[in-house]
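# Understanding the architecture of this molecule
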Amino acid sequence: MKIKISTIHAVLVYLLVFFSTTYISYNPIRYFLLVVVAMMIAPNIKILSNNTYLGLNVGIGFFCIATLIVSYINRNGYTDRNPFLAAIVFTATLVEFTLTVEIFCQREEMQNLIKVFYRMTLLVVIATDCLILFTTIHLQYGGDVFLVGTKFSVIYMHFYLISFFIADKNVRLRTIRESSLNNAILVLFFIMTMIMSIELGTATGIVGTVALLLFLWLNEKNIGFFLNSKSFFVALLASLLFAVFVEIILSNSVVTYIITQLLGKDVTLTFRTVIYSMLPNIMKGRWLWGFGYGTGYEVLMRHGIVDAQNGVFDWIQQIGIFGTMLLVMWLCIAMKRPKNDYKINYSDVRALTALIYVFVLLATVEITFSSDFLAAVVLLYGIKMQRIQEGEMLK
């Protein structure tokens, strides 16, 4: 059977963006993938000569430039990593993924891209879960490091699996009671995600699984409300403000009951309230430009904490308020609502929109705005643009 070049391209870009492992040194592989994917993009640049993606590309361009400048300024003074080198790899990866999505969109092959991503994620999830449940290899790494990283990375990979599956198979929750193999598989994936969340002891996984199911259901009712730059901006702002007003929020008896009784956590959210109170002092004199890309662990460990425990704050710590504003700008461009909702009201659009909002919700207490999250937003943008170009009517 002949394998299409576009399929190979999709596999390589998946390994570049969505997959990573701590069991081996993955950086050399990532550098190799960057070169190979760039070589596959180069012959196709001509088909991107129109201005269809100009707004998104300009937004991402300014964001990447700001990230590189800030990281170059802060390149010295760190032993854990070189912020400038890390920024080069990050921005190159983001640009290559964006160009890949735009190429597939122009060729009307977004469905093939989704299919490859679903199958690759299925393989990764099966391998990861089997290693956790049936081997003790993770115990050699302290018991909390797995094939794809931390326990949170394991659960997030399950979220991607569910979303890519729905996007690939065109599954609707409103028909979930109908007897079909796809519906049974979807239920199985949700059960797997919940089981792994309990097995790994992560309340984030349990909350995220329920939230994903809720957002998928809500999206089927009103996709236009969620696929909207204004709604998305408000959601991002709310996730940041949670860290600012956390003490007031946690003083509510209903919120306290949910956290302590239903989720079994302490009222400080595992000392997150303490971390949030420390961030203003840590950022003193660094609010505008931050500390440089990828410096979170080393900078915050100097103060006895691992990370910022908030998605937006994590980016402010790295690239400052100015760079984070540029990030929010292009994200909102990508999430912009089309004039005609019916052209984008498909399962693939709804599934990725739900996934993105789950990560925004979890960003209130976790650092979920990683490179794969940004890639998911770009992927949604590409699917949306292809739907609009096709001008298909709602099925």
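Remember, it's a predicted structure, so these values are computed and weren't measured experimentally.

## Let's talk about the environment of W330
Looking at the element boundaries, W330 is found in helix α15 (residues 311–334). By relative accessible area, W330 is classed as buried at 0%. When the C-alpha positions of W330 and G55 are compared, they lie 8.1 Å apart, and in sequence the two are 275 residues distant. Ignoring any residue separated from it by four or fewer positions in sequence, one finds W330 in contact with L56, G59, I60, F63, L94, L374, V377 and V378.

## Notes on the environment of V234
Note that V234 resides in helix α10 (residues 229–244). For V234, a relative accessible area of 52% gives the class exposed. In this structure the C-alpha to C-alpha distance between V234 and V154, which are 80 residues apart in sequence, comes to 28 Å.

## Here we look at the state of the cysteines
The tally for this structure, following the rule as stated, stands at zero disulfides. Looking at the unpaired C64, the closest cysteine sulfur is the one in C332, lying at 17 Å.

## With respect to the side chain of N310
Relative to the assigned elements, N310 resides in the loop between α14 (296–301) and α15. Look at N310 and you get buried, because its relative accessible area is 0%. Here the side chain of N310 touches A363 through a polar contact of 3.3 Å, landing on its backbone oxygen. Polar side-chain contacts of N310 include one of 3.3 Å to the backbone oxygen of T364.

Calculation notes
- Residues numbered from 1 in each chain as written.
- Predicted model: local features only at pLDDT ≥ 70, side-chain atom pairs only at ≥ 80, totals over all residues.
- Heavy atoms only, no water.
- Helix = DSSP H or I, 4+ residues; strand = E, 2+ residues; numbered from the N terminus.
- Buried < 20%, exposed > 50% of the residue type's maximum accessible area, 1.4 Å probe, protein only.
- Contact = heavy atoms within 4.5 Å.
- Disulfide = S-S within 2.5 Å.
- Polar contact = N/O pair within 3.5 Å; in protein donor to acceptor, adjacent residues only side chain to side chain.

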